[in-house]
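So the chains spell out like this:
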Amino acid sequence: METDLVRGAPMFAGLKEDVFERLIQQAERKHYDRGDTIFLQGDVASACFVVIDGWVKLYRLTAAGDEAVVAVFTRGQSFAEAAAFTDGVYPVSGEAATETTLLAIPCRPLIELIRRDPEVGLAMLGSTSRHLQMLVQQIEQLKAHTGAQRVAEFLISLSEADEDRCAIGLPYDKALIAGRLGMKPESLSRVFARLRQVGVSIEHSVAVIEDMDRLRRFAFRDRSQHELDS
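Computed from a prediction, not measured in an experiment: that's the story for all the values here. Within each chain, residues carry numbers counting from 1 in the order of the written sequence. Selection of residues for local features in this predicted model requires a pLDDT of at least 70, selection of side-chain atom pairs for listing and counting requires 80 or more, and totals for whole chains, interfaces and linings are taken over all residues. Heavy atoms from the whole structure form the basis of all side-chain values; hydrogens and water molecules are not counted.

**Observations concerning the overall build of the protein chain**
Here is step 1: Every helix listed is a DSSP run of H or I at least four residues long, and every strand listed is a run of E at least two residues long, numbered separately from the N terminus. A count of helical and extended segments in the protein chain gives ten helices and eleven strands.
Here is step 2: Here, two residues are considered to be in contact whenever any of their heavy atoms come within 4.5 Å of each other. If you take every contact in the protein chain between residues at least 6 apart in sequence, the share linking residues at least 24 apart comes to 72%.
Here is step 3: Calculation of accessible area relied on Shrake-Rupley with a 1.4 Å probe; when residues are assessed, cover is drawn exclusively from the protein chains displayed. As displayed, the protein chain has an accessible area near 11,900 Å², and 49% of this comes from carbon and sulfur atoms.

**Focus: the packing of aromatic side chains**
Here is step 1: A pair of aromatic rings is counted whenever rings of Phe, Tyr or Trp (Trp by its six-membered ring) have centres within 6.5 Å, and the orientation is called stacked for planes under 30 degrees apart, edge-to-face for over 60 and tilted otherwise. Under the counting rule described, the total for this entry stands at five aromatic pairs.
Here is step 2: Aromatic pair Phe39 and Phe49: ring centres 5.8 Å apart, planes at 25°, arrangement stacked. Of the two residues, Phe39 sits in strand β2 (residues 37-39) while Phe49 sits in strand β3 (residues 47-53), which places them ten residues apart along the sequence.
Here is step 3: Think of it in three bands: residues with accessible area under 20% of the maximum for their type are buried, residues over 50% are exposed, and the middle band is partly exposed, with areas taken using a 1.4 Å probe on protein chains only. We classify Phe39 as buried; its relative accessible area is 4%.
Here is step 4: We classify Phe49 as buried; its relative accessible area is 3%.
Here is step 5: Cluster of aromatic residues (ring-pair linked, three or more members): Phe39, Phe49, Phe73, Phe79 and Tyr90.
Here is step 6: Positioned over the ring face of Phe20 is Arg7, at 4.7 Å from the centre of the ring.
Here is step 7: In this scheme, the term charge over a ring applies when either NZ of a lysine or CZ of an arginine sits within 6 Å of the ring centre and within 35 degrees of the ring normal. The ring of Tyr59 carries Lys57 above its face, with NZ or CZ at 5.3 Å from the centroid.

**Details of the pattern of salt bridges**
Here is step 1: Note on definitions: salt bridges are taken to be side-chain nitrogens of Lys or Arg within 4 Å of carboxyl oxygens of Asp or Glu. According to the stated counting rule, one finds seven salt bridges in the structure shown.
Here is step 2: Salt-bridge contacts for Glu17 lead to Arg7; the nearest nitrogen and oxygen are separated by 3.2 Å. Taken together, the residues span a long stretch of sequence, with Glu17 in helix α2 (residues 17-25) and Arg7 in helix α1 (residues 3-7) at a distance of ten residues.
Here is step 3: In this structure, Asp173 and Arg34 form a salt bridge, with 2.9 Å as the shortest nitrogen-oxygen distance. Of this pair, Asp173 sits in the loop between β9 (166-169) and α7 (174-180) while Arg34 sits in the loop between β1 (28-32) and β2, placing them 139 residues apart in sequence.
Here is step 4: Classification of Arg34 as exposed rests on a relative accessible area of 57%.

**Examining the sheet that holds β3**
Here is step 1: Pairs of strands are assigned from DSSP output, requiring at least two bridges between the strands. With antiparallel pairing, the four strands of this open sheet are ordered in space as β1-β8-β3-β6. Each of the sheet's edge strands pairs with one partner strand only, and the pair in question is β1 and β6 (78-79).
Here is step 2: Relative to strand β8 (residues 100-106), β3 runs antiparallel, the two being bridged by six bridges. When the sheet's bridge partners are listed, Phe49 is paired in β8 with Ala104.
Here is step 3: On top of the sheet, helix α4 (residues 107-116) reaches β3 and β8; it is set at about 50° to β8, its chief contact. Angles run from 0 to 180 degrees between N-to-C directions of axes, and those axes are lines fitted to C-alpha atoms, restricted for helices to the stretch in contact.

Rendered as structure tokens:
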């Protein structure tokens, strides 16, 4: 198991080493193929998770039967802590968006450890707080940014390079990217076409960015200015 990777997950931040060791002793490594269900909305919460490798999507089904993507997690990130912390049910469904390996931390030993050591409970609260901040940021993006800006910000978030020109592998299929960014797949295709104006081209599953600074300026312009330009 990649101990350093797991140790860096938000839910373990600030824990003493002996507390961390007690937690992961109960954990189980699980492998999922793309499209496999991890849990379903309404299931009794049996575990929370850390992503060892791959991508996981959390989603809800609307009354009309449409899938609303709530969040996407990748290597080193944790999810489902709130459901585990309250010994409740999963408020969303979880699915492997790619071939995925997870570390599953069972709820019962976790809750017992929280009762004995409040430090663990504080760590869980800190992690759920980060997820809440992430959701607030997503809502802000949906309200304050155009679709093209949201896609630009998404591409910027995937870049680890400082150079002006870079190529970024898209981590999962375009339908999931569209759902994650609050748009239809056909709208995403139109946005990709529009982003050619600021030096972004999509070649299969790779986004080539000619000028990262230019893309950042585009992403963080005031929405009203984009609407004037459209």
